[in-house]
Amino acid sequence: AMVEAKSAMATKREENEALQKDLGKAESAFADALSEKERDNHALRNDLDEAKRELASLESKMNEAVASYESAMVEAKSAMTTKREENEALQKEMGEVESAEAKMLETHEVKLNAYREALDQLKKDLEMGNVATMALEAEKKRLTSEVERLKKERELSRK
């Protein structure tokens, strides 16, 4: 019985030693796996930190871009307001010029009508003058003929 107990103990001891070896291997494998996971975690933390830095940089650049865009929008709105005011001033000036042109055209039309009336009167006067001139020419011919006739009569009476 003692031999059996010793043999059972030796078997248990061998099993225990085998378990100890397996446990050592498992602990070593666990330590290696843990060490690898810690390295992976460290790498992930480094990646995360780098991503956070990039995000902060991108946020900063985006904020600068937004500020620049907003500034450009303010400038554009100001320029549009200025252009609108210039346009309104030009439209007002154009209206004044058109009004002045209309008055000038109206005045020109009145003068033109007066010139036409004066021209028509001059034409009538010229026609009357031509008639009077023709009458005077006819009278001149008649008188010239009369003078010639009287001269001939006088010469004949002298002879």
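Look up a bit, the structure's there.
Attention in this report is confined to the structure presented alongside it. (Residues numbered from 1 in each chain as written. Predicted model: local features only at pLDDT ≥ 70, side-chain atom pairs only at ≥ 80, totals over all residues. Heavy atoms only, no water.)

1. Brief notes about the overall build of the chain
Here is step 1: Looking only at helices and strands, the chain features one helix and zero strands.
Here is step 2: Here the C-alpha coordinates of the chain stretch approximately 220 × 30 × 20 Å along the principal axes.
Here is step 3: Going through the 159 residues of the chain one by one, you find that 0% of them count as buried.
Here is step 4: Per element, the accessible surface of the chain, about 14,800 Å² overall, is 59% carbon and sulfur. (Helix = DSSP H or I, 4+ residues; strand = E, 2+ residues; numbered from the N terminus. Buried < 20%, exposed > 50% of the residue type's maximum accessible area, 1.4 Å probe, protein only. Areas by Shrake-Rupley, 256 points an atom, 1.4 Å probe, with all protein chains shown as cover.)

2. Observations concerning the pattern of salt bridges
Here is step 1: Within this structure, the stated rule accounts for six salt bridges.
Here is step 2: Close ionic contact of arginine 149 with glutamate 153 constitutes a salt bridge, the shortest N to O distance being 2.2 Å. Taken together, the residues arginine 149 and glutamate 153, both in helix 1 (residues 2–158) and four residues apart, mark about one turn of the helix.
Here is step 3: Overall, the relative accessible area of 38% leaves arginine 149 in the partly exposed class.
Here is step 4: Overall, glutamate 153 belongs to the partly exposed group, its relative accessible area being 40%.
Here is step 5: Salt bridges here are not isolated pairs; linked through shared partners, they connect Glu146, Arg149 and Glu153. (Salt bridge = Lys/Arg side-chain N within 4 Å of Asp/Glu carboxyl O.)

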